[in-house]
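# An overview of the molecular structure
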Amino acid sequence: MIGKGREKEKTGFQESRPYNPRIDLQTDFVMVYGIGDDMPERIKKWKERGYVVHLMTGVAWGGYEDYLNGKIDGRTHWDEAQKNSEYDNIIHGTSVDMPYMVPTIAYSDFLTLRIKRAVDAGVDAIHLEEPEFWVEGGYSDAFKREWEIYYKEPWKEPHESVDGQYKASRLKAYLYTRCLDRLCSNLKEYAKVEYNRNLRFYVPTHSLVNYTQWRIVSPESHLIDLPSVDGYIAQIWTGTSRTPNVYEGVRKERTFETAFLEYGIMQELVRGTGRNMWFLHDPIEDNPNHTWKDYKENYFKIVAASLLHPDVSNYEVCPWPNRVFNGTYPLGDGKGKEGIPGEYATILLTLMNTLRDMEQNDIRWDNKSSKIGILLADSAMYQRNYPDWHKRVKSFKYDGTSYDQLNDLEVSELIDWSSFYGLALPILKHGIPIRPVQLDNIRRFAGYIDDYKVLLLSYEFMKPEHPDIHNAIAEWVKNGGALVYVGDGSDSFHNVHEWWNSGKRKYKTPAEHLSECLGLKADIKPGLYNIGKGVLAYLGVHPIKCAKSREYADKLRETVKAAADALKDEGVKIEPRNSFVLHRGPYIIASVMDESISNDPVVLNGKFVNLFDELLPVCDTFTIRPGEQALLYDLKKVRKSLQLIAASSRIENISALKNGFSFSATGPEAVTASARFYCAQRPIKAEAHESKSSKNTNIELNWNEESSTVLLRYHNCHDGLTISVEW
């Protein structure tokens with residue numbers, strides 16, 4: 001049943017505001033945000049409401065003015081603010097007092113001291129969010145000092161050479177890895193010594209896909225190497241996934257497809273580790289200028305994309321519920337603002353409660369194509385700046401709508417990151433489940449890529465940090481894998497001073513070393529090569545071309561198909577379609593894509609409940625058109641005479657009675673709730689009793705004879721309702 005105990009921590013949300021009945025979402029845990037003076041009181045109030053309480057704070061920025069201005073240790077620390085090449089501070093938001101920080105030892109120790117107060121207040125876990133170092137940074141005095149300590153050489157201006165940029169970004173990733181390790185280890189020891197308590201640490205972070213496109217450096221897979229980190233939140237939402245990209249020459253938002261790739265790479269942080277991962281959804285986004293209709297449509301895309309990754313079943317259902325349920329956003333006619341529409345609020349609560357039930361063993365895809373992997377490395381973040389590229393652009397506004405001076409290939413690539421999307425989108429858009437695979441993990445885990453029969457790889461937008469990765473890839477190919485390599489060797493970052501061009505054997509590109517590991521010449525020609533039981537397919541073009549035109553997108557698809565066919569393995573199939581349909585226990589998740597092989601809708605026949613509708617309607621046929629998504633409950637999966645299908649309240653204590661059944665329902669104030677139950681007999685009456693009063697309330701009851709389900713409609717109560725239903 002959906003009503004499970006909070007101890008499993010399946011769902012949660014983050015909030016900086018004190019407890020409020022209108023934002024009491026009834027998840028398993030809450031992340032109290034911020035380490036200000038009122039933090040202990042906020043923690044106390046949420047605990048009193050029955051929540052497991054975590055703390056979340058920014059690790060790269062925050063209200064740390066006392067530290068910056070010397071009130072902590074008598075020394076000002078503005079030299080630790082991230083600075084760009086103009087020596088301006090890189091600021092978070094609009095406050096001049098909130099810069100992004102260089103994570104020095106002193107800064108890490110300051111955060112440790114501040115966060116101890118949360119440990120003293122009794123939180124069960126701490127989330128250190130968004131360890132971010134901007135690509136444009138690397139010019140502050142603190143960073144220069146760290147460079148000289150790490151590289152044992154004088155600091156170099158990052159923008160003057162590809163080598164300087166690559167080294168600067170790699171150092172940035174190291175610094176935040178060190179910071180998190182120091183913070184988590186110190187505080188875990190403190191909790192154990194002072195309270196004999198096992199404190200947990202999580203890192204909420206954007207995906208490697210998003211950080212690379214947005215030109216931010218973060219530890220990403222380096223976090224796997226830290227034993228003090230217990231898991232992550234995949235911070236993926238409309239704001240990240242609606243970032244435009246290019247497919248077959250067209251630049252536009254592709255929220256579902258981008259989110260699918262983002263969630264895909266994030267699950268690689270926990271695959272094989274036993275650590276926890278929560279996928280985040282946001283019913284709106286940071287940009288407050290969209291309409292509720294826009295937010296809802298994109299939210300459905302995000303939810304569907306996340307649910308198509310069934311290996312993860314924990315969710316952060318909402319960041320900042322106060323801005324969702326109490327905020328106002330533009331009307332469609334531009335003549336004012338409005339609060340959340342009632343039907344959207346009901347749908348949100350239905351989905352938030354349904355997400356606790358996603359840990360299902362019965363997983364089945366309608367898609368017949370084998371899953372394909374696209375290898376992606378942390379080093380993609382290291383080469384997101386070309387020397388002096390910004391001086392060639394007269395105006396550049398990255399708000400998702402305005403792009404100037406995009407004729408320059410390198411500048412266009414920095415904005416669109418087409419070298420990655422040029423490989424991923426042509427496959428994904430044809431309904432073939434392509435998933436990002438963390439290249440760096442090949443050397444962390446034995447047999448890491450064995451689940452795949454076809455892998456795509458290019459070193460035109462990333463580099464392998466260690467040569468032994470190629471030995472593992474070569475062994476995988478020889479044992480029956482198909483590797484599709486795409487690249488022409490033109491990326492200027494091939495010239496960084498690294499292992500492939502500085503050892504006894506020197507190579508122009510790391511691809512030449514890979515070729516030799518496969519038993520081929522270093523400078524092979526494009527084509528198909530049989531290697532042991534496997535095959536190498538080499539397409540000698542820059543991946544950007546596969547994004548810029550349909551011709552090269554087709555060439556990529558043809559190359560992938562040829563490589564898969566060459567394996568002569570009946571278990572490897574490439575069957576294009578314009579949709580994804582996944583059966584996840586009783587839930588059906590579907591998405592139909594535009595810009596695909598056809599504009600045909602997907603028509604599902606059976607008996608379903610539509611969870612994207614406030615009234616949870618029952619239907620025998622459901623049609624999903626291009627650009628649409630669906631989340632359905634398959635009533636054929638009902639196995640009990642009394643079963644909850646879905647509800648926009650937290651439903652618990654379901655009990656069969658002599659003449660009906662009863663249950664408890666709790667949810668945020670001022671939101672109308674829907675609850676649909678399957679029951680063997682037809683109910684004739686329903687009544688609600690408020691837990692903290694003697695007030696009885698009649699409930700709207702609608703029976704559906706064909707499905708043997710009843711829909712109950714009532715007003716949520718944060719103190720809870722006891723609802724009785726009579727036959």
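Residues numbered from 1 in each chain as written. Predicted model: local features only at pLDDT ≥ 70, side-chain atom pairs only at ≥ 80, totals over all residues. Heavy atoms only, no water.

### Observations regarding the overall build of the chain
Stated precisely, the cut-off is as follows: Going along the chain from the N terminus, every DSSP run of H or I of four or more residues is numbered as a helix, and every run of E of two or more is numbered as a strand. Between the two quantities, the radius of gyration covers C-alpha atoms and the globule rule is 2.2 Å times the number of residues to the power 0.38. Whether two residues touch is decided by their heavy atoms; if any such pair falls within 4.5 Å, the residues are in contact. What sets the accessible areas is the Shrake-Rupley method with a 1.4 Å probe; for residues, cover comes only from the shown protein chains. When charges are counted, neither His nor the chain ends are considered; positive counts come from Lys and Arg and negative counts from Asp and Glu. In plain terms, the charge of a residue is placed at NZ if it is Lys, CZ if Arg, CG if Asp and CD if Glu.
The number of helices and strands found in the chain is 17 helices and 35 strands. Taking 2.2 N^0.38 as the reference for a compact globule, 727 residues should give roughly 27 Å; the C-alpha atoms of the chain span a radius of gyration of 27 Å, in line with that estimate. Reported as C-alpha extents along the three principal axes, the dimensions of the chain are approximately 85 × 70 × 55 Å. Long-range pairs, those at least 24 residues apart, make up 74% of the contacts in the chain between residues at least 6 apart in sequence. Working note: accessible area of the chain is about 27,000 Å², and carbon and sulfur atoms make up 46% of it. Taken together, the 90 basic and 101 acidic charged side chains of the chain have centroids lying 3 Å from each other.

### Overview of the side chain of Asp79
For the record, the criterion: Think of it in three bands: residues with accessible area under 20% of the maximum for their type are buried, residues over 50% are exposed, and the middle band is partly exposed, with areas taken using a 1.4 Å probe on protein chains only.
Along the chain, Asp79 turns up in the loop between helix H2 (65–68) and helix H3 (105–120). Accessibility expressed as a relative area gives 18% for Asp79, which makes it buried. Setting aside chain neighbours within four positions, we find Asp79 in contact with Ser140, Asp141, Ala142 and Arg145.

### Concerning helix H17 (residues 550–566)
For clarity, the cut-off: Multiplying one less than the number of residues by 1.5 Å gives the expected span of a helix. The arc refers to the directions leading from the helix axis to the C-beta atoms.
Spanning 17 residues, H17 covers 24 Å between terminal C-alpha atoms, matching the ideal 24 Å at 1.5 Å per step. All of the buried residues along H17 are Tyr552, Ala553, Leu556, Arg557, Thr559, Val560, Ala563 and Ala564. All buried residues of H17 fall inside an arc of 155 degrees around its axis, so they share one side. In this structure, H17 carries Arg550 and Glu558 as exposed residues pointing more than 90 degrees from its buried face. One or two steps after H17, the chain reaches Lys568, where phi turns positive at roughly 50 degrees.

### Points about the packing of aromatic side chains
This is how it is decided: Under the pairing criterion, centres of Phe, Tyr and Trp rings, with the six-membered ring standing for Trp, must be within 6.5 Å; the plane angle then separates stacked pairs below 30 degrees from edge-to-face pairs above 60, leaving the rest tilted. Two thresholds decide whether a charge sits over a ring: the Lys NZ or Arg CZ must be within 6 Å of the ring centre and within 35 degrees of the ring normal.
In the structure shown here, the tally under the stated rule is 47 aromatic pairs. Ring geometry for Tyr139 and Trp155: centres 5.8 Å apart, planes at 80 degrees, overall edge-to-face. Of the two residues, Tyr139 is situated in the loop between strand E5 (133–134) and helix H4 (141–151) and Trp155 in the loop between H4 and helix H5 (162–195); the sequence distance between them amounts to 16 residues. Each of the two residues, Tyr139 as well as Trp155, counts as buried. Pairing Phe663 with Phe677 gives two aromatic rings, centres 4.8 Å apart and planes at 40 degrees, and the pair type is tilted. Note that Phe663 is positioned in strand E29 (residues 660–666) and Phe677 in strand E30 (residues 672–679), a separation of 14 residues in sequence. For the cation-ring pair, Lys144 lies above Trp155, with the distance from its terminal atom to the ring centre recorded as 4.5 Å. Over the ring of Tyr452 we find Lys371, and its NZ or CZ is 4.7 Å from the ring centre.

### Re the sheet that holds strand E16 (residues 372–376)
What counts here: Note: two strands are recorded as paired if DSSP finds a minimum of 2 bridges between them. Whenever a helix is involved, its axis is fitted only over the stretch in contact; in every case the axis is a line through C-alpha atoms, and angles between N-to-C directions fall within 0 to 180 degrees.
Judged by pairing direction, the sheet is mixed, and its 6 strands sit side by side in the order E17-E16-E18-E19-E21-E20 without closing on themselves. Both edges of this open sheet fall to strand E17 (434–438) and strand E20 (527–531), since each of them pairs with a single strand only. Sheet twist, expressed as the mean angle between neighbouring strand axes with direction ignored, is 25 degrees. Here 4 bridges tie strand E18 (residues 454–457) to strand E19 (residues 482–486), and the two strands are oriented parallel to one another. In the sheet register, Val454 faces E19, and the bridge partner there is Ala482.

### Let's talk about the packing of helix H14 (residues 468–478) against helix H15 (residues 510–517)
Note the following rule: Here the word oblique covers every angle except those under 35 degrees (roughly parallel), over 145 (roughly antiparallel) and from 65 to 115 (roughly perpendicular). Handedness of a crossing follows from how the near helix is turned relative to the far one, being left-handed for an anticlockwise turn of less than a right angle and right-handed for a clockwise one.
Between H14 and H15, the shortest axis-to-axis distance is 9 Å and the interhelical angle comes to 45 degrees. By the angle between their directions, the pair H14 and H15 is classed as oblique. The chirality of how H14 crosses H15 is right-handed. Packed against H14, whose contacting residues are His470, Asn471, Ile473, Ala474 and Lys478, the element H15 presents Pro510, His513, Leu514 and Cys517 at the interface.

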